[in-house]
Each structure stands twice: as C-alpha cells, then as structure tokens.
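Summary of the model geometry
Listed below are the residues making up each chain.
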Amino acid sequence: MAISANEVKHVASLAKLDVSDAELEKFTGQMDQIINMVQQLNEVDTTDVPVTTTVTDAFDVMREDIAVKGTDRELLMENVPERKDGFIKVPAIIDESEEG
Amino acid sequence: MDYFKNDLTSLHESLVNKELSAEELTKETFANIKKRDQQIEAFLALNEENALAQAKELDQNGIDRANVLAGIPIAIKDNIVTKGLRTTAASKMLENFDPIYDATVMEKLAAAQMINVGKVNMDEFAMGGSTESSAFKLTKNAWDQTKVPGGSSGGSAAAVASGEVLVALGSDTGGSIRQPAAYNGIVGVKPTYGRVSRYGLIAFASSLDQIGPLTRTVKDNAYVLNAISGHDSRDFTSSSKEVPDFTKGLDGDIKGMRIAVPKEYFDEGVDADVKAAIKDAIKTFESLGATVDEVSLPHSKYGVPVYYIIASSEASSNLQRFDGIRYGFRAQDVKNLEDVYVRSRTEGFGDEVKRRIMLGTFSLSAGTYDAFFKKAAQVRTLICQDFANVFKDYDLILGPTAPTTAYGIGEEIDDPITMYMNDILTIPVNLAGLPGMSLPAGFSNGLPIGMQLIAPQFREDTMYKAGYAFEQATDFHKQVPTIGGQN
C-alpha cells in the first residue's frame, strides 16, 4: 500500500475533515490508487529541472497606494450564518459543556 | 425564435430590424429553458425578473447596431459570482450563498449589454468531468439523455447544445470547457492563462483556472471572448497584453498554416472512431492548404499525475476558506469552535472534493512535499518545454479533445482513475497556460466527437482562424440533437 488508513486519517484531520470508518476504507483504497498512479513520475529524470508554479510572466505587479472606500460593513455581514449585535457569532473555543 | 436556426449575427439583425424585441427574445428563452430543462436539467437558478427588466430597458434605449452582443441571453456557470443571484458552485457548502459583488466577467458582459438568464450546473467546485458530482442535479447530455454532459462545465455545454441559449460561460482547469463542448458537439474555448480575469471565479486551482465561452459556432465564440478579455487590476495574473479582435481573421484562408499532430494524442486509450474522425479532419486541413506533420510531446503522458498533484494542492489551500464562520454552510448542534470547522466541512463538501483536498494536503505535507508537489512542478516545466519546442516550427497543434465520446451516467463516478484519464488530452494545455479550443469533428453512434486546437500563448487568433476554416469546410456544427422527440 502506498498510503495507510492511519495516514489518510491524519491527512483528513490536517484538512479539518472527519472520516467515518466506512468512508476511511473507501478513501484509503482510492487514495492508494491515485498515489500509485502519481508515482509513475519517479521514472522522469528531473535533476536540475526548475519548478513551474505559475505560467504568467507578470512579476511584482504594483499599483498606486490610493485610499478607497471599503465594502460596507452590513453588506459584508450578509452571508454570515449566525450574528449577534453586529458581530459574527461562534461557539466557545473550548467545549461548552466544560464552561464554568 | 429558434436558437438552432440562429447565430449571434442573425439574431442581432432581427433585434436591430425590430422583427424581435429583446424582451420577446428573453421571454421566449425562458419559456424554452423551462420546457427543455425538464429533460436536460442544466439550470440551477433562473434570473427571470432582472433579465426581463434589463431587456425592456434595452428595447426602450434601442439596440446598438455596432454591438452584436446587445440583448443576447447568456447562461453562467455557477462558480462565477453574480451579485444578488444565488451562486453555489454546485456545493452544499454554498447552498444559500448570495454574492455581494459581480465577477469581472459579469461586469464586462453587462457592459456588452448581454442578458444573464441564469446559473448552470457543474461538478462541485469544478472538480470532475461529468457534472455528476453536483450536490443538486444530474444534468443530461443534449444528444442522449442517458449520457453525461461532460464536465465540469456540463450545464453550460448542455444548455447551449440543447438550444436553451446561444452562449454560456464556463471555466476550464484541466479541460472543463473543452471536454463538455466535445461531448455535446459545440465550440468551447479555454483562453490563454491571464487573458480573462479570474476575479470573482470561485477558486479551484489558481495557476490553471480560466473562464471561457461555449457557443455553437466559432465566430460566436470569438465575439464573446472579445467582450470578456483584458487586464483587470483585481487579478494580478491577468495580462496587460493588447486584446485583438478575434473575429477579424475569420476568412477561411489558412494556406501555409503549419499544423503539428502529436503522436501521443493517438495512443491506445483513444477510441478508433475518435482517431478516424481526427484523421479525416487532418485531410480537411490539408485540402485547405495547411501543412500537417507528426510531432512528439514526450512528457504529455505525465500530464494527468502532474495535474492531480498540482490542482489538488492548490485546491486544498483555496478551499481552506470554507470554515463555516463568515459565509457558507455551518453545521448545527456543534459543541465548540473546532467542531464548527470540522463538521461544516465534513457535511458541506462532497466526496470528490474531499478526495482532492486530502490528496493536496498529503502532497504538501512535510514528508511528501519533495517527492510529490516539487516533483510534479518540475515535470510541469518539462511539459511546458515540449510545447515550446513544437511551437518553434508550428502555428498550431491538433488532436482529439477527449479519448472517447460521452459515457453513460453512473458508469465512472466511483472510479476516480478512469475518470481522471479522460482529461489526458486537455490537461497539458492548462499546465502550460496555452489557449485551447474544442469544436465538432464527427459522430460515433450518434454522439459528437470533438477536435482540439492548441495555440501558443496569446495566439487565440490562430486557433479561431483555423477553427473557422474547418467549420466552413464541414457541416458537423449544423447537426442538432433531438430532445424529448423534438428538435
């Protein structure tokens, strides 16, 4: 196996995803196939080959530093799932059952 | 009004001569969409009230004779943000998302007085090649409703091919405009990276994504690309290169054009009927006075693995923003803040999106970065060099768009590798930032075959010129599908 169930579980947690046991088996099998496919890149000699991360020739694009009016606060809040008193409402960082 | 009997030029003439008002055209378009979409299911949201108001206003002010796009309805892929109009990227994550601003392309279409009739279906966050990963609808191929429309711009392609609209916008990260255009027998163009602003395109893989038009004819496509191209200070990767008039060189004269055909694009994975159609197309180009030679793109077979690492890595980073806090889906009954993140993402994203986020996260992890992400980014350089070598001696590259015609709904959705291999002929173009076009080149068992033309960066003009000449010499684009027993 190119990747184990434990590794998939770890990667999922890094990506803030929860994977059930049934899904874990399916995802591990599929990820394993994908990683096997990807490993054919090892047959390419890339000694001294530079990386390509963008295909634009633009470099350090500058603009004038002019103050412009920002987006209206009410407008920005329009898609917020829960709000209270003009703020975004979220649950406590620690478990609410542990609150003193 | 029948979209199968019209193109932009003929409709514009009817509007200018007042044989048809923009309001009538818009009303007929919605009536037609409501009827055909019972079979095709391309639309996720209709923009009826605003579209009719805009059409009425255009009628009052008069249609601009110099603007062929004035008053023409257009459908928009649902990953392009539209102010006040529900934009979901076909994900439960954005099921209730109403953007507070317009994408740059929407501002440009509005300036060109085109009428946005609604948002069309796609694979969730543009990840997929069949539109089956949409959280909301199963869109059907215009030619056979048991087949997929391709993807990820499957809604855009099916809407155009079924005569619901004349024009749609899609986006293309690894073939997502060209492959559905091929499966539906229409013209789809992915412009050069940087030609069209990505501002307001919901990001999937930022070094690969481009917005482009899907139309029934080459010339219509060129008109729309004229309207949406150009530099935008809100997208630092958009190019400040001058935008030529892409309709200008469309005269059918391609004598002396040097066309290259990569031998790798005819490997065993490509269907015999597809190969035969492209070989016929080569003869057509030769009869038009072009020279056609076989060349090699030796690293093209590595395109798929390179793409899945790079695109997934960029996606895992881009999709971090969906955390359930400021917008988008938030899971209910959560205990703490960590739970908001994990449960919102787990319940909001579909399986294909999760697979790619995990593959990307894995490729970028400390222990695997060199072997995966860096290796892929190096092989990407070799793929770019392959193209650069060929373009030293040739004006254009020609090949099939996809290895097969449209496959059956449900056939490949659970088999990621087979699904990913469908993109083998389109992916290298995105990796190198080149412009690519798919146009109709034949049929196999009643399903359309697409031919792909690839040009050097910022040479869309060459691609349109060749595509137009081929189109005028053939009649594949005149075939129309039968939907629900009627044309």
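I will try to describe carefully the structure that is included in this document. (Residues numbered from 1 in each chain as written. Chains lettered and ligands numbered in written order. Predicted model: local features only at pLDDT ≥ 70, side-chain atom pairs only at ≥ 80, totals over all residues. Heavy atoms only, no water.)

From N to C terminus, chain A includes 3 helices and 2 strands. Each helix and strand of chain A, placed in order from N terminus to C terminus, yields the pattern α-α-α-β-β. Relative to a compact globule of 100 residues, whose C-alpha radius of gyration would be 13 Å, chain A shows 23 Å and is clearly more extended. Considered along the principal axes of its C-alpha atoms, chain A spans approximately 60 × 50 × 25 Å. In chain A, which comprises 100 residues, the proportion classed as buried is 30%. (Helix = DSSP H or I, 4+ residues; strand = E, 2+ residues; numbered from the N terminus. Rg over C-alpha atoms; globule rule 2.2 N^0.38 Å. Buried < 20%, exposed > 50% of the residue type's maximum accessible area, 1.4 Å probe, protein only.)

Moving on: helix α10 (residues 337-348) of chain B. All names here are of chain B. For α10, spanning 12 residues, the distance from its first C-alpha to its last is 16 Å, which sits close to the expected 16 Å at 1.5 Å a residue. Along α10, the residues classified as buried are L337, D339, V340, V342, S344, R345, T346 and G348. Its side-chain oxygen at 3.3 Å from the backbone nitrogen of E338, N336 defines the N-terminal cap of α10. (Expected span 1.5 Å × (residues − 1). Polar contact = N/O pair within 3.5 Å; in protein donor to acceptor, adjacent residues only side chain to side chain.)

Going through the model one piece at a time under the given rule, you end up with 15 aromatic pairs over all chains. Ring centres of W143(B) and F443(B) lie 5.2 Å apart, and the angle between their planes is 55°; this geometry places the pair in the tilted category. Separated by 300 residues along the polypeptide, W143(B) in the loop between β3 (115-120) and α5 (154-161) and F443(B) in strand β10 (residues 436-444) bring together distant segments of the chain. Summarising the aromatic geometry, the rings of Y183(B) and Y407(B) are spaced 6.1 Å apart at their centres and angled 85° between planes, so their arrangement reads as edge-to-face. Of this pair, Y183(B) sits in helix α6 (residues 178-183) while Y407(B) sits in the loop between β9 (396-400) and α13 (416-421); the two residues are 224 residues apart in sequence, bridging distant segments of the chain. Take Y183(B): its relative accessible area is 1%, and that puts it in the buried class. Of the residues examined, Y407(B) reaches a relative accessible area of 5% and is grouped as buried. One aromatic cluster is present, formed by F97(B), F125(B), F322(B), Y327(B) and F349(B) through successive ring pairs. Between K26(A) and the ring centre of F27(A), over which it is positioned, the NZ or CZ distance is 5.6 Å. (Phe/Tyr/Trp six-rings, centres within 6.5 Å; stacked < 30°, edge-to-face > 60°. Lys NZ or Arg CZ within 6 Å of the ring centre and 35° of its normal.)

Here we take up the sheet that holds strand β8 (residues 291-295) of chain B. All names here are of chain B. Overall, mixed pairing links the 11 strands, which are arranged β1-β3-β2-β4-β6-β5-β10-β11-β9-β7-β8 in an open sheet. Strands at the two margins of the open sheet, each flanked by one partner only, are β1 (43-46) and β8. Within this sheet the neighbouring strands show an average axis-to-axis angle of 30°, counted without direction. With 4 bridges joining them, β9 and strand β11 (residues 447-454) adopt antiparallel strand pairing. Each residue of the ladder has a partner; that of L398, found in β11, is L453. Along the sheet, helix α15 (residues 460-473) contacts β5 (187-190), β9, β10 and β11; its crossing angle with β10, the most-contacted strand, is approximately 20°. (Pairing = 2+ DSSP bridges. Axes fitted to C-alpha atoms, helices over the stretch in contact; angles between N-to-C directions. Contact = heavy atoms within 4.5 Å.)

Let us look at the interface of chain B and chain A. Contact residues are listed per partner, giving 63 residues for chain B and 56 residues for chain A. Summed over both partners, the interface of chain B with chain A comes to about 5200 Å²; 68% of that surface belongs to carbon and sulfur atoms. When residues of chain B are sorted by the area they lose upon contact with chain A, I100(B), R330(B) and M358(B) head the list and together hold 13% of the total. For the pair chain B and chain A, the number of links is 4 salt bridges. (Buried area = accessible area lost by both parts, 1.4 Å probe. Salt bridge = Lys/Arg side-chain N within 4 Å of Asp/Glu carboxyl O.)

Turning our eyes to something else, we now look at the side chain of T346(B). Structurally, T346(B) is set in helix α10. Within the structure, the side chain of T346(B) is placed 2.6 Å from the backbone oxygen of V342(B), a separation counted as a polar contact. Setting aside chain neighbours within four positions, we find T346(B) in contact with K16(A), L17(A), D18(A) and K354(B).

All names here are of chain B. When strand β7 (residues 258-262) meets β8, the two strands line up parallel, connected through 5 bridges. In the sheet register, P262 faces β8, and the bridge partner there is V295. A crossover connection joins β7 to the parallel β8 through helix α8 (residues 272-287); in handedness this β-α-β unit is right-handed. (Right-handed = clockwise from strand over helix to strand, strands pointing away.)

Right, let's talk about the layout of surface pockets for a bit. Residues and elements named next belong to chain B. Estimates place the volume of the largest pocket at around 650 Å³. As for the largest pocket, its lining consists of 25 residues, and the residues nearest its centre are V81, F97, Y101, R321 and Y327. Its residues placed into classes, the lining of the largest pocket shows 17 nonpolar, 4 polar and 4 charged. Approximately 320 Å³ is the volume found for the second largest pocket. As for the second largest pocket, its lining consists of 15 residues, and the residues nearest its centre are D267, G269, V270, M421 and I424. Within the lining of the second largest pocket, the residues separate by chemical class into 6 nonpolar, 4 polar and 5 charged. (1 Å grid on protein atoms, 1.4 Å probe; cavity = no way out; pocket = protein on both sides within 12 Å on 5 of 7 lines; lining within 4 Å. Points joined across faces, edges and corners; volume = space filled by probe spheres on them. Nonpolar A, V, L, I, M, F, W, Y, C, P; charged D, E, K, R; others polar.)

Now for the pattern of salt bridges. The full count for this structure, using the stated rule, is 26 salt bridges over all chains. Here K89(A) makes a salt bridge to E82(A), at a shortest N to O gap of 4.0 Å. Note that E352(B) is salt-bridged to R355(B), the shortest N-O span being 2.5 Å. Of this pair, E352(B) and R355(B) both sit in helix α11 (residues 351-364), separated by 3 residues, roughly a single helical turn. The exposure class assigned to E352(B) is buried, which follows from its relative accessible area of 11%. The class for R355(B) is buried, based on a relative accessible area of 5%. One network of salt bridges, in which partners are shared, links E82(A), K89(A) and R330(B).

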